[in-house]
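Structural features, examined
Each chain is listed here by its residues.
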Amino acid sequence: MTFAVGLSRVVEPAGVLPQAAWKLDARPEIGPDEVRIRVERLNLDAASYRQLSGKHDGDGAAVRAEVLEIVRSRGKMHNPVTGSGGMLIGVVDEVGPESPLPVKAGDRVATLVSLTLTPLVIDDGLERWDGMGEQVPASGHAILFGRSVVAVLPDDLAPELALAVFDVCGAPALTDRVVREYADSGVPVSVAVLGGAGKSGSLALTAARLAGARTVGVVVSDAERESLTAAGLADHVAVADARDPVAVSAAVTGALGAPATVTVVCVDVPGCEHGAILSTADGGTVIFFSMATSFSAAALGAEGLAADVRMLVGNGYVPGHAEFALDVVRRTPAVRALFEARVSAH
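So, a few notes on the structure that sits alongside this text. (Residues numbered from 1 in each chain as written. Predicted model: local features only at pLDDT ≥ 70, side-chain atom pairs only at ≥ 80, totals over all residues. Heavy atoms only, no water.)

**Quick word on the overall build of the chain**
Tallying secondary structure elements over the chain gives eleven helices and 14 strands in all. Against the 2.2 N^0.38 benchmark of 20 Å for 346 residues, the chain shows a C-alpha radius of gyration of 20 Å, consistent with a compact globule. With respect to the three principal axes, the spread of C-alpha positions in the chain is 60 × 45 × 40 Å. Per-residue burial for the chain yields a buried fraction of 53% across its 346 residues. If you take every contact in the chain between residues at least 6 apart in sequence, the share linking residues at least 24 apart comes to 69%. Of the roughly 14000 Å² of accessible surface on the chain, 53% is carried by carbon and sulfur atoms. Looking at the chain, you have 28 positive and 41 negative side-chain charges, and the mean spots of the two groups are 2 Å apart. (Helix = DSSP H or I, 4+ residues; strand = E, 2+ residues; numbered from the N terminus. Rg over C-alpha atoms; globule rule 2.2 N^0.38 Å. Buried < 20%, exposed > 50% of the residue type's maximum accessible area, 1.4 Å probe, protein only. Contact = heavy atoms within 4.5 Å. Areas by Shrake-Rupley, 256 points an atom, 1.4 Å probe, with all protein chains shown as cover. Lys, Arg positive; Asp, Glu negative; His and termini not counted. Charge placed at Lys NZ, Arg CZ, Asp CG, Glu CD.)

**Here we look at the packing of aromatic side chains**
This model, assessed by the stated rule, comprises one aromatic pair. Measuring from centroid to centroid gives 6.3 Å for Phe-288 and Phe-295, while their planes differ by 85 degrees, and the two rings are edge-to-face. Phe-295 gets classed as partly exposed once you look at its relative accessible area, which sits at 40%. Over the aromatic face of Trp-22 sits the side chain of Arg-74, whose NZ or CZ is 3.7 Å from the ring centroid. (Phe/Tyr/Trp six-rings, centres within 6.5 Å; stacked < 30°, edge-to-face > 60°. Lys NZ or Arg CZ within 6 Å of the ring centre and 35° of its normal.)

**With respect to the pairing of strand 10 (residues 214-219)**
Most of strand 10 is tucked away: five of the six residues are buried. Sheet topology note: the strand 9 (residues 190-194)/strand 10 ladder contains five bridges and is parallel. Along strand 10, the bridge assignment pairs Val-193 with Gly-217. In the classification by handedness, the crossover that spans strand 10, the intervening helix 6 (residues 222-231) and the parallel strand 11 (residues 236-239) is right-handed. (Pairing = 2+ DSSP bridges. Right-handed = clockwise from strand over helix to strand, strands pointing away.)

**Concerning the sheet that holds strand 13 (residues 280-288)**
As summarised here, the arrangement of the six strands in space is 11-10-9-12-13-14, forming an open sheet in which the pairing is parallel. The sheet terminates laterally at strand 11 and strand 14 (310-313), the two strands that pair on one side only. When strand polarity is set aside, the average angle formed by the axes of neighbouring strands in this sheet is 20 degrees. Contacts from helix 5 (residues 199-210) reach strand 9, strand 10 and strand 12 (260-265), with the element oriented near 165 degrees to strand 10. (Axes fitted to C-alpha atoms, helices over the stretch in contact; angles between N-to-C directions.)

**What about the pattern of salt bridges?**
Scanning all chains against the criterion turns up 23 salt bridges. One salt bridge connects Arg-41 with Glu-160, and the closest N-O pair in it is separated by 3.6 Å. Of this pair, Arg-41 sits in strand 3 (residues 35-44) while Glu-160 sits in helix 3 (residues 159-167), and the two are 119 residues apart along the sequence. Here Arg-50 ties to Asp-268 by a salt bridge, and the two come within 2.9 Å at their closest N and O atoms. Placement of Arg-50 in helix 1 (residues 46-55) and of Asp-268 in the loop between strand 12 and helix 8 (273-278) is noted, with a sequence separation of 218 residues between them. Put simply, Arg-36, Arg-38, Asp-93 and Glu-94 are held in one network by salt bridges that share partners. (Salt bridge = Lys/Arg side-chain N within 4 Å of Asp/Glu carboxyl O.)

**Some thoughts on the environment of Met-87**
Considering the arrangement of structural elements, one finds Met-87 in strand 4 (residues 86-95). You can call Met-87 buried: its relative accessible area is 4%. Note: C-alpha distance between Met-87 and Val-328 (241 residues apart in sequence) is 20 Å. For Met-87, the contacting residues outside a window of four places in its chain are Arg-41, Leu-42, Asn-43, Ala-110, Thr-111, Leu-112, Val-113, Leu-115, Leu-163, Phe-166 and Asp-167.

**Here we look at the packing of helix 5 against helix 10 (residues 321-331)**
Helix packing for two helices is described by the angle between their axes and how far apart those axes are. The geometry of helix 5 relative to helix 10 is characterised by a closest axis approach of 10 Å and an angle of 80 degrees between their N-to-C directions. In terms of orientation, helix 5 lies roughly perpendicular with respect to helix 10. Counting all contacts with helix 5, which are made through Leu-203, Thr-206, Ala-207 and Leu-210, the residues of helix 10 involved are Phe-324, Ala-325, Val-328, Val-329 and Arg-331. When the residues that make up the contact of helix 5 with helix 10 are grouped by side-chain class, the tally is seven nonpolar, one polar and one charged. (Parallel < 35°, antiparallel > 145°, perpendicular 65-115°, else oblique. Nonpolar A, V, L, I, M, F, W, Y, C, P; charged D, E, K, R; others polar.)

**Thoughts on the pairing of strand 13**
In the sheet, strand 12 pairs with strand 13 via five bridges, with the strands oriented parallel. Across the sheet, residue Thr-263 finds its bridge partner in strand 13, namely Val-286. The β-α-β motif built from strand 12, the intervening helix 8 and the parallel element strand 13 has right-handed crossover chirality. Taking the sense of rotation as the criterion, the β-α-β connection linking strand 13, helix 9 (residues 295-304) and strand 14 turns out right-handed.

**A few points about the packing of helix 1 against helix 2 (residues 60-74)**
Closest axis-to-axis distance for the helix 1/helix 2 pair is 9 Å, and the angle between their directions is 125 degrees. By the angle class used here, helix 1 and helix 2 are oblique. For the pair helix 1 and helix 2, the crossing hand works out as right-handed. Of helix 2, the residues touching helix 1 (which contributes Tyr-49, Leu-52, Ser-53 and Lys-55) are Val-63, Glu-66 and Val-67. Along the lines of polarity and charge, the residues of the contact of helix 1 with helix 2 split into four nonpolar, one polar and two charged. (Left-handed = near helix turned anticlockwise from the far one by under 90°.)

**Examining the nonpolar core**
The nonpolar side chains of a soluble globular protein tend to be buried, and buried together. Membership of the largest hydrophobic core comes to 47 residues, with the highest contact counts inside it found for Phe-166, Val-191, Val-262, Val-264 and Phe-339. Mapped onto this core, the elements with two or more residues apiece are strand 4, helix 3, helix 4 (170-184), strand 9, helix 5, strand 12, helix 10 and helix 11 (333-345). Filtering out sequence-adjacent residues up to four positions away, Val-264 remains in contact with Thr-175, Val-191, Ala-192, Val-193, Leu-194, Ala-204, Ile-287 and Phe-289. Leu-52, Leu-101, Trp-129 and Val-136 belong to the second-largest nonpolar core, a separate cluster that totals 28 residues. (Core = buried A, V, L, I, M, F, W, Y, C linked by side-chain atoms within 4.5 Å.)

Structure below.
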C-alpha cells in the first residue's frame, strides 16, 4: 500500500498522501509498482495559470520562472495559492514489475491524475515555453503510482488536443451521470453551465444535451455568447458575471423558465458559489468543477439561503471518463472546433 499510493515519495510532512504533501521525492529510480514517464508537455489547470499570470501582470518570463521554482522546491507542480496543478503527456520510459497500470515502455500517454500529486522534474528550464498559455512544452520525468490513472493517447487526435480534452474529462462524465440519475427517476432535467464557453463547460453542456437535458450556457461576455451560440452547443446562452448571484440566477431562470435541475460550475475565478446555488431548484444538484471554489462558502451559502440542493465536488475521476470525453469530442464537431481553436490560440 505504501508504494501503491505513493507514500514512499513523501518528503514532508510525514504521514500524508502525496497530494497533501508540501514536498515529494522525484528521483528517477522507480519502485516495484511505479512508472516513469518522459515528459513532453504539461497542461496547467486554468485556475492555477490565471493566478500566476495575474500575479505577474501577464509577464510570461516571470510566470515561467515561478513554475520552475514551484517544481524545483516541491518536487511537483502544486500551486501553493490555488492548491491545483494540471496534468501532462509524455512517453513511458520504464514500468515496474508490479505496476497494475495498462501501459508499456514506449507508449505515449496522458496522466489523468493531478500534477499536485505527481513527482516531477523539469530539466530544460522550460525554454520552449513563453509563459503565455496553459500548455507547456517541457522535458523531464514524472512518476506514476500503482493507483494512478493514465490513458494511451489516441491516434486520431493531435496530442495537444487530446491533452486539453483529458485535462477536463471528468466534467462531461459526471454531468452525464447526474443528468441520467434524474432522468431515470422521471424528472425533466434542465442544466445550467457557468462558464459554458470554456473547455470543461463546453464538454459539460454537450454531455447534458446528449443525455436529453435542456441547457443554458452562462458566459461572461458578448464575444463568448457569440462563440457559444455559433457552436450550437446549448439551447440558450446568457451573459452574466458568475460572481453576481442575483444576475446569474436571473439569467438562468429567464432562459429556462425556472431554476435549473443541475448547475455545473466551470468558472476558474473565486466567488461563483452563491450564484450557482441560487440558480438551482430545490432537490437539484450543483457540481463544482472549478479549483477556485471555496467549499466553505458553498456549504455556508447554501445553509444561509435555505437551499435544499445536493453539492458535488467534481473530483476529476469517473470510471471511463477519458473514453467518454473523447467520444463527445468525436461525435460533436463544434466541440472539437472550440478545443482546436483554444489549443491554437495558446
